[in-house]
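Next come the chains, spelled out residue by residue.
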Amino acid sequence: MPLHQIRFGDADWTVQAENASPHPDFGVTLQGNSVQIALREPPRYFYRHGWQSWSLTGWARPTTLPAQKPALLLPMQTDPVYASHPAPLGCGMAAVDFADDNVLLLGALGLDARVQLREGSLHGFFEGGGADWFAAFGPEDKVFGQYAELLKQRFGSGRGDQSPSMWCSWYSYYTKISEANLLETLHGWGDMPFEVFQVDDGWQLKVGDWQPNKKFPSGMAALAEQIRSTGRKAGLWLAPLIAAKSADLFRGRPDWFLRDEQNQFVSAGFNWGEPLYALDPTHPDVQAWLAALMQQVRSWGYDYIKLDFLYAGGLPGKHHTPMPREAAYRQGLQTLREAMGEAYFLACGAPVLPSLGLCDGIRVGPDVAGFWNSERDSRLLANFTTPGMRNAIRTSSQRLWLSPLAHCDPDVTYFSEANNELTAEQKQAMQDLAVLCAFRATSDLPGWLSAAQKSALRDFLAACPAIRKTGRYTYQLDGRNVDFGAAVELPNFPRGLESLLAGLVRWGADQKWIVTLVAKMEQEKD
Ligand code: 9PG
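Structural notes, computed from the coordinates. (Residues numbered from 1 in each chain as written. Predicted model: local features only at pLDDT ≥ 70, side-chain atom pairs only at ≥ 80, totals over all residues. Heavy atoms only, no water.)

1. A short note on the packing of aromatic side chains
Selection criterion: Under the pairing criterion, centres of Phe, Tyr and Trp rings, with the six-membered ring standing for Trp, must be within 6.5 Å; the plane angle then separates stacked pairs below 30 degrees from edge-to-face pairs above 60, leaving the rest tilted. Numbering of helices and strands runs from the N terminus, with a helix taken as a DSSP run of H or I at least four residues long and a strand as a DSSP run of E at least two residues long. Using a 1.4 Å probe on the protein chains alone, a residue whose accessible area is under 20% of its type maximum counts as buried, one over 50% counts as exposed, and one in between counts as partly exposed. Charge-over-ring placement is defined geometrically: NZ (Lys) or CZ (Arg) within 6 Å of the ring centre, and within 35 degrees of the ring normal.
One pass over the structure, following the stated rule, counts 34 aromatic pairs. Their ring planes at 70° and their centres at 5.4 Å tell us that phenylalanine 144 and tryptophan 401 sit as a pair that is edge-to-face. A residue pair is termed long-range when its members are at least 10 positions apart, and phenylalanine 144 in helix H1 (residues 140-155) and tryptophan 401 in the loop between helix H10 (389-397) and strand E25 (407-409) qualify at 257 residues. Assessed through its relative accessible area of 5%, phenylalanine 144 is described here as buried. Three or more aromatic residues joined by ring pairs make a cluster, and in this case those are Trp54, Trp203, Trp210, Trp237, Trp272, Trp300, Phe309 and Tyr311. The lysine or arginine in question, lysine 142, covers the ring of phenylalanine 26, its NZ or CZ lying 4.3 Å from the ring centre.

Below, the structure is given as structure tokens:
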């Protein structure tokens, strides 16, 4: 592979690539299936870009960065192929920074790429075919901004003109939604200025069988009509690329599901008390089924569509039409996008870079929760993808550079005092982040809020402050300082325990059993 000397800042850097040429605006473009930039000194921090919405993203010291957590990550939380990769690794892109505050970024202008920090180099490689890269060195915002601009040229920007504000049913009712309690909530909000009333998980027969269950006796079209009669858009959640083991779809169409080289079904994780499997988005019958599903949802009257657990479309396996896995994912997403027409499309649990240009909004972090942090998940298991306000703010606040490409959804904000354990500062941090993202949502119920809290919610929905970025984790909103530093920091975790857990998993122990063991150890410690 040819070596090139590239001038970055006031020094020459050695780059290995087929080709390297200066970009007319800033930085360089590189060509090669595998490219490397030798670092002139050890970096201070590494920017890890997680694979999908929920995966850990952000700056961390390369030495303390949990090597993407071996033992207990499920396919639903990060890219399973690199779950125990020994080096710090970013999906699609990564960056490092140095003592002089300058940042070096290496990012793919294509799908199926990974960037790792290895032996003093940033090393980018494509899993399948692919050759185009961007690299730049300089101030962080300029470097990330230019990469976002080139991604936009490559993938397009799918974002609608205006990001929505909404009520979402998940973080209050969870799966216990019904036609009756949703209508009560809808009318309970009066003229609260939500543009979207979004029905989340809990309306369907099964994950995979997208017909209303018996809690929705009037059907989904009647509910949409009620929502629209209040002047709002109706929103609906679906997870079209997975099916639960017991779903009719999985039992009736096993040939539509992704299998591995041993002909076993590829696991898409475990949720709702059952194993999940992944549809093969390259199968023509699957594509026709996905298109028909989106048309059905649109014909029911839903104009805002939250598609979740989308990572399943990017899992490795033997595809009906062989192609790299993120290309397969993008084919599925393209089918969904075209079939849903003008609806607002929020991608969730979605491989982030492979979704660009095809969705209006994208969830950029793990789920929030009514608590700050789970000590078991973060400290003992070093898992930063599970629900919690701290995990959500950490990852979402470090993905704002994606804003020109899609509306960044940081998840919902809490206003009530009674129904969560969050402090006023923690709630304020989430509100500030949502205002920065211009993506405002809550799941609080009207009956949970005092008059003062309702008026705070109104102010939040209308807020349009002057925004100034003052540092990596700091902003000013109308002159008020906002600092996400407390959420961003990664806690220390016991390395010994990590390898013990990894060993148990290799030995074949059931993951649930290990989680129980760890919980027990934690109780005994208390
Ligand atoms: C509905 C929810 C909500 C939420 C989504 C998604 O086990 N997991 O790793 C896991 C992660 C996220 C998750 C569910 C399970 O939440 O982000 O907003 O729509 O699905 O089930």
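Continuing now.
2. Some remarks on the site of the ligand
To be explicit about the condition: Working definition: residue near molecule or strand if any one of its non-hydrogen atoms lies within 4 Å of it. Polar contacts, as counted here, are pairs of nitrogen or oxygen atoms within 3.5 Å of one another; within protein the pair requires one atom able to donate a hydrogen and one able to accept it, and residues that are adjacent in sequence qualify only if both atoms are side-chain atoms. In short, Shrake-Rupley with a 1.4 Å probe defines the accessible areas, and a residue's cover is counted only from the protein chains shown. In this classification, Asp, Glu, Lys and Arg are treated as charged, Ala, Val, Leu, Ile, Met, Phe, Trp, Tyr, Cys and Pro as nonpolar, and every other residue, Gly included, as polar.
The full set close to the ligand counts 16 residues, and Tyr171, Asp200, Asp201, Lys306 and Asp367 are the nearest of them. Between the ligand and tyrosine 171, the relevant distance is 2.8 Å, taken from an oxygen atom to a side-chain nitrogen or oxygen of the residue. When the ligand sits alone it has 450 Å² of accessible area, and the protein chains cover 90% of it. Residue classes in the shell around the ligand are distributed as eight nonpolar, two polar and six charged.

3. Some thoughts on the sheet that holds strand E14 (residues 165-168)
In plain terms, the rule: The pairing criterion for strands is at least two bridges between them, as found by DSSP. For helices, the axis comes from a line fit to the C-alpha atoms of the stretch in contact; other axes are also lines fit to C-alpha atoms, and the angle between any two N-to-C directions lies between 0 and 180 degrees. A contact between two residues is defined here by any heavy atoms of the two lying within 4.5 Å.
Read across the open sheet, the eight strands follow the order E25-E24-E23-E22-E18-E15-E14-E26; overall the sheet is parallel. The open sheet terminates on both sides in strands that have one partner only, identified here as E25 and strand E26 (440-442). Put simply, the sheet's adjacent strands are angled 25° from each other on average, direction ignored. Judged from the three bridges that link them, strand E24 (residues 361-363) and E25 form a sheet pairing that is parallel. Directly across from isoleucine 362, in E25, lies its bridge partner cysteine 408. Sitting on the sheet, helix H4 (residues 219-228) is in contact with strand E15 (196-199) and strand E18 (233-238), with an inclination near 140° to E18. Along the sheet face, helix H12 (residues 451-462) touches E14 and E26 and points at about 155° away from the line of E26.

4. Quick word on the nonpolar core
What counts is decided by this rule: Throughout, nonpolar core names a set of buried Ala, Val, Leu, Ile, Met, Phe, Trp, Tyr and Cys residues whose side chains join them through atoms within 4.5 Å.
If you look at the biggest cluster of nonpolar residues, it comprises 139 residues, and the most contacted ones within it are Trp203, Tyr311 and Trp401. Listed in part, the 26 residues of the second largest apolar core include Val15, Val96, Leu104 and Trp133.

5. Considerations on the side chain of asparagine 383
By the element assignment, asparagine 383 lies in the loop between helix H9 (375-380) and H10. Polar side-chain contacts of asparagine 383 include one of 3.2 Å to the side chain of glutamine 77. Among the polar contacts listed, one links the side chain of asparagine 383 to the side chain of threonine 385, at a separation of 2.7 Å.

6. Observations regarding the side chain of serine 416
With respect to the secondary-structure elements, serine 416 resides in the loop between E25 and helix H11 (424-437). Only 3.3 Å separates the side chain of serine 416 from the backbone nitrogen of asparagine 419, close enough to count as a polar contact. Ignoring anything within four residues of it in the chain, the contact list for serine 416 reads Lys427, Asp444, Trp448, Leu449 and Gln453.

7. Comments concerning the sheet that holds strand E7 (residues 58-60)
The seven strands are arranged E3-E4-E13-E10-E9-E6-E7 in an open sheet whose pairing can be described as antiparallel. The sheet is open, and its two borders are formed by strand E3 (19-22) and E7, each paired with just one other strand. Strand-to-strand twist in this sheet, taken as the mean axis angle between neighbours without regard to direction, amounts to 20°. When E3 meets strand E4 (residues 28-31), the two strands line up antiparallel, connected through four bridges. Within E4, the position partnered with alanine 20 by the bridge is leucine 30. Strand contacts of H1: strand E6 (45-48), E7, strand E9 (93-97), strand E10 (103-108) and strand E13 (132-138), with the helix running at about 10° to E10, the strand carrying the most contacts.

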